[in-house]
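An overview of the molecular structure
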Amino acid sequence: MLDGHTGAVWAMAFSPDGHTLVTGGTTVQLWKVDASLDPAQAIERICRTVTRNLTAEERAASLHDTSAGPVCPAT
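As a starting point, this report considers the structure included with it. (Residues numbered from 1 in each chain as written. Predicted model: local features only at pLDDT ≥ 70, side-chain atom pairs only at ≥ 80, totals over all residues. Heavy atoms only, no water.)

Below, the discussion takes up helix α2 (residues 56–63). Regarding α2, the residues found buried are Glu58, Arg59 and Ser62. Across the axial projection of α2, the buried residues extend over an arc of 100°, all falling on one side. When the buried face of α2 is taken as reference, the exposed residues oriented beyond 90 degrees from it are Ala56 and Glu57. (Buried < 20%, exposed > 50% of the residue type's maximum accessible area, 1.4 Å probe, protein only. Helix = DSSP H or I, 4+ residues; strand = E, 2+ residues; numbered from the N terminus. Arc of directions from axis to C-beta.)

Laid out in structure tokens, this is it:
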């Protein structure tokens, strides 16, 4: 669970400039994005946080990627 959330995280999206991540579930949080992470590290952190694969909409919005297949390894 992300600090500040009171339950599961069901949705997430990056701001257009890529510097803010919004996560939502029973609560909504804004997060400053650490630009020093390489993309593979960022994806690993996201997958570990949401504990599920990304939806097609989350994948397109967050990763600017419309390819098929899972982003996160099976949990």
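Having seen the model, we can carry on.
The next subject is the sheet that holds strand β1 (residues 9–14). With respect to topology, three strands assemble into an open sheet ordered β1-β2-β3, the strand pairing being antiparallel. With one partner strand each, in any of the chains shown, β1 and β3 (28–32) form the two edges of the open sheet. The mean inter-strand angle of the sheet, taken between neighbouring strand axes irrespective of direction, is 20°. Two strands pair when backbone bridges link them, and strand β2 (residues 20–25) and β3 are joined in this way by five bridges, in the antiparallel orientation. Counterpart to Val22 in the pairing with β3 is Leu30. (Pairing = 2+ DSSP bridges. Axes fitted to C-alpha atoms, helices over the stretch in contact; angles between N-to-C directions.)

Our focus in this paragraph is helix α1 (residues 39–50). Its twelve residues give α1 an end-to-end C-alpha distance of 17 Å, which sits within 8% of 16 Å, the value for a rise of 1.5 Å per residue. Along its buried surface, α1 packs onto β1. Positive backbone phi, approximately 50°, marks Thr51, located one or two places after α1. (Expected span 1.5 Å × (residues − 1). Contact = heavy atoms within 4.5 Å.)

Just distances and angles here, no functional claims.
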